[in-house]
Structure formats: C-alpha cells, structure tokens
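# Geometric and topological summary
Residues per chain, in single letters:
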Amino acid sequence: MEGILGTIIYSVIGFILMLVGNFLVDLAIPCHFPTEIKRGNKAVGYISAASSIAVGILLISVIASPVNQNTNTTILQDLTSTVIYFVLGIVLCILGYLSMLVFNKKYNLNEEIGNGNSAAGLMVSGIFIGLAILISGAIQ
C-alpha cells in the first residue's frame, strides 16, 4: 500500500512541477505561450512540448536519485529534495537557454520564436531536452 501511495503522491507532485516548469519556461521566452498557441505558432508548440519532455526527464532523475533512495528519510524529506533538485534543474535549463541567447549573435531566437519560425522552435526544443538530459545525469 505504501508503494501505491508514494506513486500517487509523486505523480501529483510531478504534475504540479510540470505546470510550474512550463510556466517558468514561458517566462524565459518573452511571448505569451497560450496566445501564440491559439495563433497556431508551431515554434511555441514545439517548445511547449519540449519543455514538458525536459521537465519529465528532470523529474524522473530527481525522483530516482540516490538522495531519495535513503531508507532513513521520511516521505516529506524525499518530496522536499525532489522539489529542490527540480527547481535547480529547471533553473539550470533556463540559464542554459539564456546563455545560448548571449552567444548566438546571428539571429534573435526570441524574436524568431515570436514570429513563428518553426526551425527556431525546434532548435530551442533541442536545447531544452539536451540540457535536461545533461542535468539529469549530473543529478544522478
């Protein structure tokens, strides 16, 4: 029964953190995601999908991390470390994206995304997923 309860708790927390992660990514890219998706902006759709994948990668890594496998901790301590490592992971993903903006002087990714450039959306999607894989490896 304890395993079922843990699964339910981590699923609910994971869903909430996924919403938070997508909200934070929306803040990092200066266009209003719901409006852009309603307009049919595929670049934003790609990034929304990729940020959900990236958040999922980070969450599975955080939940499965050795920090949460210590048998001497309570579920509250495990959930706290999950949230802390998740926030660290998503902040590092966003910082990685922002650093790409600094180093990439050939075009403005934020502007291209806002204009619906699918190639820019795919590029940023790859950045977020790649960073999430990298960061999840560091968490493990």
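Residues numbered from 1 in each chain as written. Predicted model: local features only at pLDDT ≥ 70, side-chain atom pairs only at ≥ 80, totals over all residues. Heavy atoms only, no water.

Time to look at the overall build of the protein chain. Counting its secondary structure elements, the protein chain contains six helices and zero strands. Secondary structure of the protein chain in N-to-C order comes out as α-α-α-α-α-α. Once the C-alpha set of the protein chain is aligned to its principal axes, its extents read approximately 50 × 30 × 15 Å. Across the 140 residues of the protein chain, 39% fall into the buried class. A separation of at least 24 residues holds for 72% of the contacts in the protein chain among residues at least 6 apart in sequence. Where the 5 positive side-chain charges of the protein chain centre and where its 6 negative ones centre are 15 Å apart. (Helix = DSSP H or I, 4+ residues; strand = E, 2+ residues; numbered from the N terminus. Buried < 20%, exposed > 50% of the residue type's maximum accessible area, 1.4 Å probe, protein only. Contact = heavy atoms within 4.5 Å. Lys, Arg positive; Asp, Glu negative; His and termini not counted. Charge placed at Lys NZ, Arg CZ, Asp CG, Glu CD.)

Tallied over the entire structure, the rule returns one salt bridge. A salt bridge links Glu 36 to Arg 39, with the shortest nitrogen-to-oxygen separation between them at 2.5 Å. (Salt bridge = Lys/Arg side-chain N within 4 Å of Asp/Glu carboxyl O.)

Time to look at the nonpolar core. In this structure, Ile 29, Ile 47, Leu 58, Ile 113, Val 124 and Phe 128 are the most contacted members of the largest nonpolar core, which totals 30 residues. At the level of secondary structure, the elements contributing two or more residues to this core comprise helix H1 (2-28), helix H3 (42-64), helix H4 (75-103), helix H5 (109-114) and helix H6 (118-139). Beyond its immediate stretch of four places on either side in the chain, Leu 58 contacts Phe 86, Gly 89, Ile 90, Cys 93, Ala 132, Ile 135, Ser 136 and Ile 139. (Core = buried A, V, L, I, M, F, W, Y, C linked by side-chain atoms within 4.5 Å.)

Our focus in this paragraph is the packing of aromatic side chains. Applying the stated criterion to the full structure yields one aromatic pair. On the basis of an interplanar angle of 25 degrees and a centroid distance of 5.5 Å, the ring pair of Tyr 97 and Phe 128 is categorised as stacked. Of the two residues, Tyr 97 sits in helix H4 while Phe 128 sits in helix H6, which places them 31 residues apart along the sequence. (Phe/Tyr/Trp six-rings, centres within 6.5 Å; stacked < 30°, edge-to-face > 60°.)

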